[in-house]
Amino acid sequence: MIRRLLWIFGTLIALAVLGGVAFWARPVEFFNTYSELRLLRAGAESRSTLVEGYRVHYYALGPDSGPAVVLVHGLGGRAENWQNLAPYLSKAGYRVYLPDLLGYGQSEKPAGFSYSVPNEVGVVGGFLDALGLKQVDLGGWSMGGWIVQRVAAERPERVRKLILFDSAGLALKPDWNTNLFTPATADELSQLDELLMPHPPNVPDFVATDILRRSKQNAWVIHRALASMLTGHDATDRLLPGLKMPALIVWGELDRITPINEGETMHKLISGSQLEVIQGCGHLAPSQCAPQIGPNLVVFLRR
């Protein structure tokens, strides 16, 4: 009996050591898995569908019969970025869909795809078609906001209500170094964090090393997307006055990636839109400030 207990105890210690070593080597994988498990625990189902012949991964949560809400992540993001906000909607009775755009998260990353805003607009439209979603409440964050603006302009019959979170899309050149979206050094990663968050946490060296490894892996997708966006050819300034569906614009007061004046401009351009400024929050407001956003978002959708 004692030998058996010692064997079990030794096995547990060995597993703990192996787990610690694995976490130290690949912490980003652990964080991503944790985010996925949080969504699954909230009732999400992890699925995939074909769009334009490519596999697109998505989560679906909430009652099957609920009104459909589709949320589109931003540049360098993934479906799990909505893990804090999506449960507010699913618990309110909405069927929430969180797709990974092509090139991001668990979706396919085809080498021949441009990853431009217009092509990702096609992916979102194709996603709606593939799932048979005739009309949805459509939201987008940052680059995702740019994408859903164009979906709403090109296919207005498919968008019941529009939600923009710290959205890009206006014909403005960023006043910060866009190369920081693919950081190559710990210093560049720190600079990016300072842009994204008002009070960035201290990132341990081993975590920073793994983030930089992943950044190098995925940089080619980000570079293609940025190269297209920075041309300004697909800006939405002229499209926004033509939008007729109800629109909610949610913005972090301290956003440095897409400053609050851009949200105010979108508010002026979209007739009848509603602007909500989230105090003390930055570009990551939908994740870091979900408790301030979620209840009012539900009120807007129910109105």
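Definitions and limits used
Residues numbered from 1 in each chain as written. Predicted model: local features only at pLDDT ≥ 70, side-chain atom pairs only at ≥ 80, totals over all residues. Heavy atoms only, no water. Helix = DSSP H or I, 4+ residues; strand = E, 2+ residues; numbered from the N terminus. Rg over C-alpha atoms; globule rule 2.2 N^0.38 Å. Buried < 20%, exposed > 50% of the residue type's maximum accessible area, 1.4 Å probe, protein only. Contact = heavy atoms within 4.5 Å. Areas by Shrake-Rupley, 256 points an atom, 1.4 Å probe, with all protein chains shown as cover. Lys, Arg positive; Asp, Glu negative; His and termini not counted. Charge placed at Lys NZ, Arg CZ, Asp CG, Glu CD. Disulfide = S-S within 2.5 Å. Core = buried A, V, L, I, M, F, W, Y, C linked by side-chain atoms within 4.5 Å. Phe/Tyr/Trp six-rings, centres within 6.5 Å; stacked < 30°, edge-to-face > 60°. Lys NZ or Arg CZ within 6 Å of the ring centre and 35° of its normal. Right-handed = clockwise from strand over helix to strand, strands pointing away.

Caption draft 1: Representation of the overall build of the protein chain within the structure. Along the protein chain, the regular secondary structure elements total 10 helices and eight strands. Against the 2.2 N^0.38 benchmark of 19 Å for 303 residues, the protein chain shows a C-alpha radius of gyration of 20 Å, consistent with a compact globule. Across its three principal axes, the protein chain shows a C-alpha extent of roughly 75 × 45 × 40 Å. A buried classification covers 49% of the 303 residues belonging to the protein chain. Across the protein chain, contacts joining residues at least 24 apart in sequence account for 73% of those joining residues at least 6 apart. Accessible surface for the protein chain amounts to roughly 14,300 Å². Of this, 57% is attributable to carbon and sulfur atoms. Side-chain charges of the protein chain comprise 28 positive and 28 negative groups, with the mean position of each set lying 7 Å from the other.

Caption draft 2: Up close: the state of the cysteines. Under the definition given, this model contains one disulfide. There is a disulfide in this structure between C281 and C289, and the S-S distance comes to 1.9 Å. One quick way to see it: the torsion about the S-S bond of C281 and C289 is about -110°, and its sign makes the bridge left-handed. Here C281 matches C289 in class, with each residue buried.

Caption draft 3: Looking closely at the nonpolar core. The biggest cluster of nonpolar side chains holds 55 residues, and the ones touching the most others in it are V70, L75, L138, M143 and L162. Leaving out residues up to four positions away in the same chain, L138 has contacts with V70, V72, V124, V148, V151, V159, K161, L162 and I163.

Caption draft 4: Geometry of the packing of aromatic side chains. Considering all chains together, one arrives at eight aromatic pairs under this definition. Pairing Y115 with W220 gives two aromatic rings, centres 5.6 Å apart and planes at 85°, and the pair type is edge-to-face. A residue pair is termed long-range when its members are at least 10 positions apart, and Y115 in the loop between β4 (95-99) and α4 (117-130) and W220 in helix α7 (residues 205-229) qualify at 105 residues. Judged by relative accessible area, which is 0%, Y115 ranks as buried. Three or more aromatic residues link up through ring pairs in this structure, and these residues are Y54, F113, Y115 and W220. Sitting over the face of the ring of F300, K161 holds its NZ or CZ atom 5.0 Å from the ring centroid.

Caption draft 5: Inspection of the pairing of β4 at higher detail. Most of β4 is tucked away: five of the five residues are buried. Here β4 shows two buried faces, one formed by R95, Y97 and P99 and the other by V96 and L98. Between the parallel elements strand β3 (residues 68-72) and β4, the chain passes through helix α3 (residues 86-91) in a crossover that is right-handed.

Interpretation in functional terms is not warranted from these geometric data alone.
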